[in-house]
Amino acid sequence: MKSSAVTRNTRNTRNPVLRVAPASPAAAVAHFSASLAFHADVSDVAAALAADGGDSDGDRDCDGDPGFVVVDSRSTESWDQGHVPGAIHLPTALIPEQAGQLLDRAVPVVTYCWGPGCNGATRAALALAELGYQVKEMLGGFEYWVREGFEFETWEGRERRAADPLTAPVGAADCGC
């Protein structure tokens, strides 16, 4: 008679989720702790910006200090199309020559680009880390900033779109994550 563990392992070889066994709890703690050290999501960035200078709905109509600076690593055309209010525009290719003039190494940096399908924020974060900056990447990028209904700036002024119910809860202050 087979043990239940053997039966489960045989059955899991056909299961695409469990074909590779989950990591041990200790390995998972190390991985997810590291992930949080490298990433922030748009809701957390918006909440931090609002808590230190903006109002309760995430726009930044007051000056404040959240303890970090936000860097938009996209092109000028992308920046003009829309960006996080208060962000610094520093395209990835210009980081080596301009970061020292625009950023303080004592202040952590949060980078973003277009969205989940773009790794520009990752490249920018790497370039800044190589220069000695503490850095996190904003998951979701500008796409999710807009989709979650946060105010953004364009070359024409400030805008805000309704939150996409697939990315942000309707009628709730936060997602509860």
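Note on numbering: residues in each chain are counted from 1, in written sequence order. Per-residue local features are limited, in this predicted model, to residues with pLDDT of at least 70; the limit for side-chain atom pairs, both in listing and counting, is 80 or more; totals at the level of whole chains, interfaces and linings are taken over all residues. Computation of side-chain values: all heavy atoms of the structure, hydrogens and water removed.

A. Structural context of the pairing of strand 4 (residues 109-112). A simple rule labels every residue: compare its accessible area, found with a 1.4 Å probe on the protein chains alone, to the largest value its type can have, and call it buried under 20%, exposed over 50%, or partly exposed in between. Secondary structure elements follow DSSP: runs of H or I of four or more residues count as helices, runs of E of two or more count as strands, with numbering from the N terminus. What you see with strand 4 is no split at all: Val 109 and Thr 111 on one side and Val 110 and Tyr 112 on the other are buried throughout. Criterion used throughout: strands pair if DSSP finds at least two bridges between them. In this structure, strand 2 (residues 69-72) lies alongside strand 4, joined through 4 bridges in parallel fashion. Within strand 4, the residue paired with Val 70 across the bridge is Val 110. Both strand 4 and strand 5 (residues 135-139) contribute to a ladder of 3 bridges, which runs parallel. Across the sheet, residue Thr 111 finds its bridge partner in strand 5, namely Glu 137. With the strands aimed away from the viewer, a crossover counts as right-handed if its path from the first strand over the helix to the second runs clockwise. The parallel pair strand 4 and strand 5, bridged by helix 6 (residues 120-130), forms a crossover whose chirality is right-handed.

B. Layout of the pattern of salt bridges. What counts as a salt bridge is simple: a side-chain nitrogen of Lys or Arg found within 4 Å of a carboxyl oxygen of Asp or Glu. Counting across every chain of the model gives 5 salt bridges. Put simply, Arg 74 and Asp 72 hold a salt bridge, and the shortest N to O gap is 2.6 Å. Of the two residues examined, Arg 74 and Asp 72, each falls in the buried class. For Arg 158, the salt bridge goes to Glu 151, with nearest N and O atoms at 2.5 Å. Residue class for Glu 151 comes out buried when judged on its relative accessible area of 12%. Overlapping salt bridges bring together Glu 143, Arg 147 and Asp 164 as one network.

C. Representation of the nonpolar core in the model. What we call a nonpolar core is a set of buried Ala, Val, Leu, Ile, Met, Phe, Trp, Tyr and Cys residues that are connected through their side-chain atoms within 4.5 Å. Counting residues in hydrophobic clusters, the biggest one holds 18 residues, and the most contacted among them are Val 45, Leu 49, Val 70, Val 84, Tyr 112, Met 138 and Trp 145. Those elements giving two or more residues to this core turn out to be helix 3 (42-51), strand 4 and helix 7 (141-147). Among all residues touching Val 45, those that are not within four sequence positions of it are Ala 40, Phe 68, Val 70, Val 110, Met 138 and Trp 145. In this structure, Ile 88, Leu 90, Tyr 133 and Val 135 belong to the second largest nonpolar core, which totals 14 residues. Contacts: residue pairs with any heavy atoms within 4.5 Å of one another.

D. Quick look at the packing of aromatic side chains. Put simply, two rings from Phe, Tyr or Trp (the six-membered ring, in Trp's case) pair if the centres are within 6.5 Å, and we call them stacked under 30 degrees between planes, edge-to-face over 60, tilted for the rest. Enumeration according to the criterion identifies 3 aromatic pairs in this entry. Consider the rings of Trp 114 and Phe 142, whose centres lie 6.1 Å apart with planes at 70°: the pair is edge-to-face. Here Trp 114, found in the loop between strand 4 and helix 6, pairs with Phe 142, found in helix 7; they are 28 residues apart in sequence, far enough to count as distant. Given the relative accessible area of 33%, Trp 114 is considered partly exposed. A centroid spacing of 5.6 Å and a plane angle of 90° characterise the contact between Phe 142 and Phe 152, whose relative ring orientation is edge-to-face. Of this pair, Phe 142 sits in helix 7 while Phe 152 sits in strand 6 (residues 152-154), and the two are 10 residues apart along the sequence. Classification of Phe 142 as buried rests on a relative accessible area of 6%. Given a relative accessible area of 2%, Phe 152 falls into the buried group.

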